[in-house]
Amino acid sequence: MHTQHSEITLEEKNTEAPIGIMAALEQEIAVILQNMGESVSVHLIAGRRYYQGQLDGQHYVVVLSRIGKVAAASTATTLINKFGVRSVVFAGLAGGVHPDALIGDIVIGSSIYQHDLDASPLFPKFSVPLLNKTFFDSDDVLSNTIKQSCLDYLDNDFDTAFKPEQKQRFFQRQKPQFHVGLIGSGDLFVNALEKQNQIAEQMPDTLCVEMEGAAVAQVCYEYDIPFAIFRIISDRADSNAIMDFNEFLSEIAPNYASPILRRLLQRLSLAVQTA
């Protein structure tokens, strides 16, 4: 699959426009919110706080979308129409579906689809009615920048970010692995093997599932805005998912996604300065 945005370069975009950063829950990006500094301006729109700031000359807007596809679509639309973002990044947790996507691993979505969308027989299952699209491809350049930020974090900070007992308790590998592939979104929290197996059977390449990404992807596609999504596996979308998710969210998530996002902003700032 090839993204429609893959040929867009920094020179072709307004580099003064901000980057939109989204998450569903505060714990997923808590540290970056705490460290935004005094120059941040906060805008309250439709019950959401949009935090507008800068890092090394890079403008960005951070917002908590809340949970679910409608909430995510509304928030992404506001980022585009109100703040004029030039791209959107969604970060957060997800449930692993593919056997290789273990708790603690990182997944970058090369493509996103809605695993709960079914307008058949009027339209093919999983296809967005009237758009005639099932898969929404992320931006190659932005996704690769996230990949480099993730690898940098795993190589340099992961070992000291968590206590040994936290690693033993929460991570299924001694060092998390990095995956690029298909992410499924749906308006349900997958916490049963029956549903996990159903998704895996219908779309075997699905690495993980979450509740917002495909909505953000569709909005960005319709507005022709590059996007990228990365998820940290917090559970295996099985009968233990609720407990695993809640504990991972409170104890691990605050020190995982935020440092990666900070590296991403630094890399994007450097790219703008050298463009």
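Residues numbered from 1 in each chain as written. Predicted model: local features only at pLDDT ≥ 70, side-chain atom pairs only at ≥ 80, totals over all residues. Heavy atoms only, no water.

Draft legend 1. Region of interest: the UniProt feature "domain: Nucleoside phosphorylase" (unreviewed entry) in the chain. The feature "domain: Nucleoside phosphorylase" (unreviewed entry), as given by UniProt, occupies residues 18–255 in the numbering adopted here. Secondary structure over residues 18–255 splits into 34% helix and 29% strand, and the C-alpha atoms at its two ends are 24 Å apart. (UniProt positions renumbered as here; feature names shortened; annotations may be inferred. Helix = DSSP H or I, 4+ residues; strand = E, 2+ residues; numbered from the N terminus.)

Draft legend 2. Structural context of the nonpolar core. Met 22, Ile 106, Phe 230, Tyr 256 and Leu 261 are the most contacted members of the largest nonpolar core, which totals 76 residues. Not counting residues up to four positions away in its chain, the partners in contact with Leu 261 are Ile 21, Ile 29, Ile 32, Val 89, Ala 91 and Phe 230. Ranked by size, the runner-up nonpolar core spans nine residues in total, among them Val 97, Met 203, Val 209 and Ala 237. (Core = buried A, V, L, I, M, F, W, Y, C linked by side-chain atoms within 4.5 Å. Buried < 20%, exposed > 50% of the residue type's maximum accessible area, 1.4 Å probe, protein only. Contact = heavy atoms within 4.5 Å.)

Draft legend 3. Up close: the pairing of strand β5 (residues 87–96). Across the 10 residues of β5, 10 count as buried, placing the element largely inside the fold. Sheet analysis places strand β1 (residues 19–23) next to β5, joined by four bridges and oriented parallel. Across the sheet, residue Ile 19 finds its bridge partner in β5, namely Ser 87. Note that β5 and strand β10 (residues 227–235) share eight bridges and pair parallel. Note on β10: the bridge partner recorded for Ala 94 is Ile 233. In terms of strand pairing, β5 meets strand β9 (residues 206–210) through two bridges, oriented antiparallel. In the sheet register, Gly 95 faces β9, and the bridge partner there is Val 209. (Pairing = 2+ DSSP bridges.)

Draft legend 4. Just helix α8 (residues 241–251), in detail. Within α8 the residues assigned to the buried category are Ala 241, Phe 245, Phe 248 and Leu 249. With its buried residues spanning 100° around the axis, α8 presents them on a single face. Structurally, α8 contributes buried residues whose contacts are with β5, α5 (164–170) and β10. (Arc of directions from axis to C-beta.)

Draft legend 5. Region of interest: the environment of Ile 106. Structurally, the position occupied by Ile 106 is in strand β6 (residues 106–114). Note: C-alpha distance between Ile 106 and Asn 197 (91 residues apart in sequence) is 21 Å. Not counting residues up to four positions away in its chain, the partners in contact with Ile 106 are Cys 150, Leu 154, Gln 177, Phe 178, His 179, Phe 230, Arg 231, Ile 232, Tyr 256 and Ile 260.

Draft legend 6. Representation of the packing of aromatic side chains in the model. Following the criterion strictly, the structure yields 14 aromatic pairs and no others. The interplanar angle of 85° and the centroid separation of 5.7 Å between the aromatic rings of Tyr 113 and Phe 126 together place this pair among those described as edge-to-face. Here Phe 126 lies in the loop between β6 and β7 (136–137) and Tyr 113 lies in strand β6, a separation of 13 residues in the sequence. Note on Phe 126: relative accessible area 8%, which makes it buried. Aromatic side chains Phe 158 and Tyr 256 sit 6.4 Å apart centroid to centroid with 40° between the ring planes, which places their arrangement in the tilted category. Of this pair, Phe 158 sits in helix α4 (residues 158–161) while Tyr 256 sits in the loop between α8 and α9 (257–274); the two residues are 98 residues apart in sequence, bridging distant segments of the chain. With respect to class, Phe 158 is no different from Tyr 256; both count as buried. Counting every residue linked through ring pairs, the aromatic cluster contains Tyr 153, Phe 158, Phe 162, Phe 170, Phe 171, Phe 248 and Tyr 256. (Phe/Tyr/Trp six-rings, centres within 6.5 Å; stacked < 30°, edge-to-face > 60°.)

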